[in-house]
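Structural characterization, general
One-letter residues, chain by chain:
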Number of protein chains: 2
Amino acid sequence: MAILIDGKQLAQKVNAQTQQRAAELQDQGITPGIAVILVGDDPASQIYTRNKHRLAVQMGLKSDLYRFPTDVKQATVLGTIKELNADDDIDAIIVQEPLPDHLDAVTITNAIRPDKDVDGLHPSNLGKLFANQPGHYPVACTPRGIMRILAHYEVPLAGANVVIVGRSILVGKPLLALLNNANATVTMAGRHTQDLHQLTEQADILIVATGIAHFIGADAVKKGAVVIDVGMDRLPSGKLTGDVDFDAVEPLAKMITPVPGGVGPMTIASLMEQTVDLAEWRRNG
Amino acid sequence: MAILIDGKQLAQKVNAQTQQRAAELQDQGITPGIAVILVGDDPASQIYTRNKHRLAVQMGLKSDLYRFPTDVKQATVLGTIKELNADDDIDAIIVQEPLPDHLDAVTITNAIRPDKDVDGLHPSNLGKLFANQPGHYPVACTPRGIMRILAHYEVPLAGANVVIVGRSILVGKPLLALLNNANATVTMAGRHTQDLHQLTEQADILIVATGIAHFIGADAVKKGAVVIDVGMDRLPSGKLTGDVDFDAVEPLAKMITPVPGGVGPMTIASLMEQTVDLAEWRRNG
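Residues numbered from 1 in each chain as written. Chains lettered and ligands numbered in written order. Predicted model: local features only at pLDDT ≥ 70, side-chain atom pairs only at ≥ 80, totals over all residues. Heavy atoms only, no water.

So, the overall build of chain A
- For chain A, the helix and strand inventory stands at 10 helices and 11 strands.
- A globule of 285 residues ought to have a C-alpha radius of gyration of about 19 Å, and chain A, at 19 Å, matches this closely.
- When its C-alpha atoms are laid out on the principal axes, chain A stretches across 50 × 40 × 35 Å.
- Scored against the burial criterion, the 285 residues of chain A give a buried share of 55%.
- Taking as baseline every contact in chain A between residues at least 6 positions apart, the subset at least 24 positions apart corresponds to 71%.
- With an accessible surface of roughly 12000 Å², chain A has 52% of that area assigned to carbon and sulfur atoms.
- Averaging the coordinates of the 25 positive side-chain charges in chain A and doing the same for the 32 negative ones gives two points 2 Å apart. (Helix = DSSP H or I, 4+ residues; strand = E, 2+ residues; numbered from the N terminus. Rg over C-alpha atoms; globule rule 2.2 N^0.38 Å. Buried < 20%, exposed > 50% of the residue type's maximum accessible area, 1.4 Å probe, protein only. Contact = heavy atoms within 4.5 Å. Areas by Shrake-Rupley, 256 points an atom, 1.4 Å probe, with all protein chains shown as cover. Lys, Arg positive; Asp, Glu negative; His and termini not counted. Charge placed at Lys NZ, Arg CZ, Asp CG, Glu CD.)

Below, the structure is given as structure tokens:
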């Protein structure tokens, strides 16, 4: 029987701290502010955006939504980012992905002020993280949440054999950097990997972010592994599930995140926490 | 019997192309320029700097040396970088490592204009590489040279199992990003790694950059592996050698780099080539 990682409960703890810190800033006349840019009408993006807004308001943060039609011009989005970069009331800027094909996601990402880049996607922030530079800079919120989970559950990282399946810029790559900086031995794998199971079977910590329901079964997991499931997928039945076949893997694992209630709540809690961080960091130079 | 990777010969080929490109720029009135900042009197740094200068002149490049005593003030070094950043005749700025302890290497690295950062150490360049962003940006010269070797010797990268031993910002980390971008499955290992041999034994391509003479012996290498040795170490006898015990590993390997004459010549050839790249990129916007 694995220890069930309770991301929901840990997120509540983080959120309580964030709310407290936001209240303290409020006493100094500062309300940390998030601006979300949403293009088009992707249903999942609308749900994520609404959830972020609700939680931000609950935390005592200012939350503004900039909504654009699917055929918005790139110059319009860049113009809004420029205004938000200069707006002293805005501490965190999010451009909700996915963007329509006619918009250049790289140009848009690189236009965000690094010290307001709450998603940690700007090359300057990503480079500092990868180089393990000292100082304050934002880190993508899902990896930040996962590191918090691993710390809370006292999972040893130094010398641990970690396999990350999935190479996205929002999850796999920042996690690789964070775990590498924590002296884990990290392998980054993906669809291109040959003998993937042979690799994942050796992992002390297995992190899966493929977006493919039940991509990892019992045959791919070492007994006693810590299993972190970043997936949020639907089975043909419509049931929400993860990238890991939970029922099959749970008996093998030492610890495992459920879906929902594992990584998801920690991502959004980390976003709120980092918004408050950014408000403090920017004001303290 | 392994194929011996002839880095010297390949470097000559690259240098001939660089010389040709520099001559073509000269016809347009442009002489690509390198500025090297050297602090203190570390003997190895002096040799490296002299070798860079000699080759640069041979390539038809302008090469300036800024030499400071060990106790130079940080502000003086930063002031020189600021001038070089603004100097239109300088395309590539190198701050020779190691720096004395009283200088903050991170602040100094981050002060170099990203489009003159020929060592690829600026977080903005490192972040773009890690994110696999399109467009032109400099990459650290040893990793660039190794990628050229792997391409020249037609080593398949997609799906290959690569182990990199050593996590430095000049070698291991940019290599990880480059190989990850080439769809290899990359593990980054180091002194912290448990069961290192078990890991290296699985590598199709093994890249070693530890600075420890003969760190890798025959028991750590898979039969048929491609072995790239970044080391430049001295045996107690004073003899120059690598991180790999060449005599023991060579019979097992499919291909192997010698030390000297493997990676070393390709590092400096890549530096010259990238200086010409930077001259072209900056002038073409």
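There's plenty left to go through after this.
Topic: the relation of the copies chain A and chain B
- Least-squares fitting of chain A to chain B yields an RMSD of 0.0 Å, with the superposition described by an axial translation of 0.0 Å and a rotation of 180 degrees. Given the turn and translation reported, the copies of this chain are related as if by a two-fold rotation axis.
- Here 100% of the contact residues of chain A are again contact residues in chain B; the copies associate through an equivalent surface. (Least-squares fit on C-alpha atoms with pLDDT ≥ 70 in both.)

Things to note about the UniProt feature "domain: Tetrahydrofolate dehydrogenase/cyclohydrolase catalytic" (unreviewed entry) in chain A
- According to UniProt, the feature "domain: Tetrahydrofolate dehydrogenase/cyclohydrolase catalytic" (unreviewed entry) maps to residues 5–119 of chain A in the numbering used here.
- Span residues 5–119 of chain A is 50% helix and 16% strand, its end C-alpha atoms 24 Å apart. (UniProt positions renumbered as here; feature names shortened; annotations may be inferred.)

Considerations on the interface of chain A and chain B
- Tallying the contact residues gives 35 residues for chain A and 35 residues for chain B.
- Of the roughly 2700 Å² buried between chain A and chain B on both sides combined, carbon and sulfur atoms contribute 54%.
- Three residues, Phe130, Lys173 and Thr185 of chain A, lead the burial of chain A against chain B; their summed loss comes to 22% of the area buried on that side.
- At the boundary of chain A and chain B, one finds 0 salt bridges.
- Here chain A is connected to chain B by 16 residue pairs in polar contact (both at pLDDT 80 or more). (Buried area = accessible area lost by both parts, 1.4 Å probe. Salt bridge = Lys/Arg side-chain N within 4 Å of Asp/Glu carboxyl O. Polar contact = N/O pair within 3.5 Å; in protein donor to acceptor, adjacent residues only side chain to side chain.)

Examining the pattern of salt bridges
Residue and element names in this part refer to chain B.
- Taken as a whole, this structure holds 22 salt bridges over all chains when the rule is applied.
- Taking the shortest distance from any N to any O, the salt bridge between Glu280 and Arg21 comes out at 3.0 Å. Placement of Glu280 in helix 10 (residues 263–283) and of Arg21 in helix 1 (residues 7–27) is noted, with a sequence separation of 259 residues between them.
- Here Asp91 makes a salt bridge to Arg283, at a shortest N to O gap of 3.0 Å. Residue Asp91 is located in the loop between helix 3 (74–86) and strand 4 (92–95), and its partner Arg283 is located in helix 10; the two are separated by 192 residues in the primary sequence.

Quick look at helix 5 (residues 123–131) of chain A
- Within helix 5 of chain A, 8 of the 9 residues are buried, which leaves the element mostly enclosed by the surrounding structure.
- When we look at burial in helix 5 of chain A, the residues that qualify are Pro123, Ser124, Asn125, Leu126, Gly127, Leu129, Phe130 and Ala131 of chain A.
- Elements that come into contact with the buried residues of helix 5 of chain A comprise helix 4 (105–111) and helix 7 (172–181) of chain A together with helix 5 (123–131) and helix 7 (172–181) of chain B.

Points about the sheet that holds strand 4 of chain B
Residues and elements named next belong to chain B.
- A sheet is described by the order of its strands in space; here 3 strands give the open sequence 3-2-4, paired in parallel fashion. Either end of the sheet is taken by a strand with one partner, and the two such strands are strand 3 (62–68) and strand 4. Here the strands of the sheet are splayed against their neighbours by 15 degrees on average, with no regard to which way each runs.
- Of the strands in this sheet, strand 2 (33–39), strand 3 and strand 4 are in contact with helix 2 (residues 43–59), which crosses strand 2 at around 165 degrees.
- Most of the contacts of helix 3 go to strand 2, to which it runs at about 180 degrees, and overall it touches strand 2, strand 3 and strand 4. (Pairing = 2+ DSSP bridges. Axes fitted to C-alpha atoms, helices over the stretch in contact; angles between N-to-C directions.)

Notes on the packing of helix 5 of chain A against helix 7 of chain A
Residues and elements named next belong to chain A.
- The contact between helix 5 and helix 7 brings their axes to 8 Å, and the two run at 30 degrees. As far as their axial angle goes, helix 7 and helix 5 are roughly parallel. Packed against helix 5, whose contacting residues are Leu126, Leu129 and Phe130, the element helix 7 presents Pro174, Ala177, Leu178 and Asn181 at the interface.
- For the contact of helix 5 with helix 7, the class distribution of residues is 6 nonpolar, 1 polar and no charged. (Parallel < 35°, antiparallel > 145°, perpendicular 65-115°, else oblique. Nonpolar A, V, L, I, M, F, W, Y, C, P; charged D, E, K, R; others polar.)

What to know about helix 5 of chain B
- Each element contacted by the buried residues of helix 5 of chain B is listed here: helix 5 and helix 7 of chain A together with helix 4 (105–111) and helix 7 of chain B.
- Asn132 of chain B sits one or two positions beyond helix 5 of chain B and adopts a positive phi of about 60 degrees.

What about the nonpolar core?
- Formed by 76 residues in total, the largest nonpolar core has its most connected members in Leu179 and Ile207 of chain A together with Leu179 and Ile207 of chain B.
- The contact partners of Ile207 of chain A, leaving out residues within four places of it in the chain, are Ile146, Val162, Val163, Ile164, Val165, Leu175, Leu179, Ile228 and Val230 of chain A.
- Counting 19 residues, the second largest nonpolar core, distinct from the first, contains Leu61, Val276, Ala279 and Trp281 of chain A. (Core = buried A, V, L, I, M, F, W, Y, C linked by side-chain atoms within 4.5 Å.)

Here we look at unusual backbone geometry
- The step from Val259 of chain A to Pro260 of chain A runs through a cis peptide bond, and the omega angle for that step is 0 degrees.
- Within the secondary structure, Pro260 of chain A is located in the loop between strand 11 (255–256) and helix 10 (263–283).
- In this structure, Pro98 of chain B follows Glu97 of chain B across a cis peptide bond, with omega equal to 0 degrees.
- Here Pro98 of chain B is to be found in the loop between strand 4 and helix 4.
- Here the phi dihedral of Asn183 of chain B falls at roughly 65 degrees; this positive angle occurs in a residue that is not glycine.

Considerations on the packing of aromatic side chains
- For the structure shown, the criterion picks out 1 aromatic pair over all chains.
- Between Phe130 of chain A and Phe130 of chain B, the aromatic rings sit 4.0 Å apart at their centres with planes inclined by 5 degrees, giving stacked as the arrangement. Of this pair, Phe130 of chain A sits in helix 5 while Phe130 of chain B sits in helix 5, on two different chains. (Phe/Tyr/Trp six-rings, centres within 6.5 Å; stacked < 30°, edge-to-face > 60°.)

A look at the pairing of strand 7 (residues 205–208) of chain A
Residues and elements named next belong to chain A.
- Taking every second residue as pointing to the same face, both faces of strand 7 are buried, with Ile205 and Ile207 on one and Leu206 and Val208 on the other.
- The pairing of strand 5 (residues 161–165) with strand 7 spans 4 bridges and is parallel. The residue bridging Val162 from the neighbouring strand is Ile205, located in strand 7.
- Here strand 7 pairs with strand 8 (residues 226–229) via 4 bridges, running parallel. Looking at the pairing, Ile207 lines up with Ile228 of strand 8.

Here we look at the sheet that holds strand 1 (residues 3–4) of chain A
- Taken in spatial order, the 12 strands of this open sheet run 1(A)-11(A)-8(A)-7(A)-5(A)-6(A)-6(B)-5(B)-7(B)-8(B)-11(B)-1(B), and their pairing is mixed. In this open sheet, the two edge strands, each paired with only one partner strand, are strand 1 of chain A together with strand 1 (3–4) of chain B.
- Two strands pair when backbone bridges link them, and strand 6 (residues 185–189) of chain A and strand 6 (residues 185–189) of chain B are joined in this way by 3 bridges, in the antiparallel orientation. Considered in strand 6 of chain B, the bridge of Thr187 of chain A is made with Thr187 of chain B.

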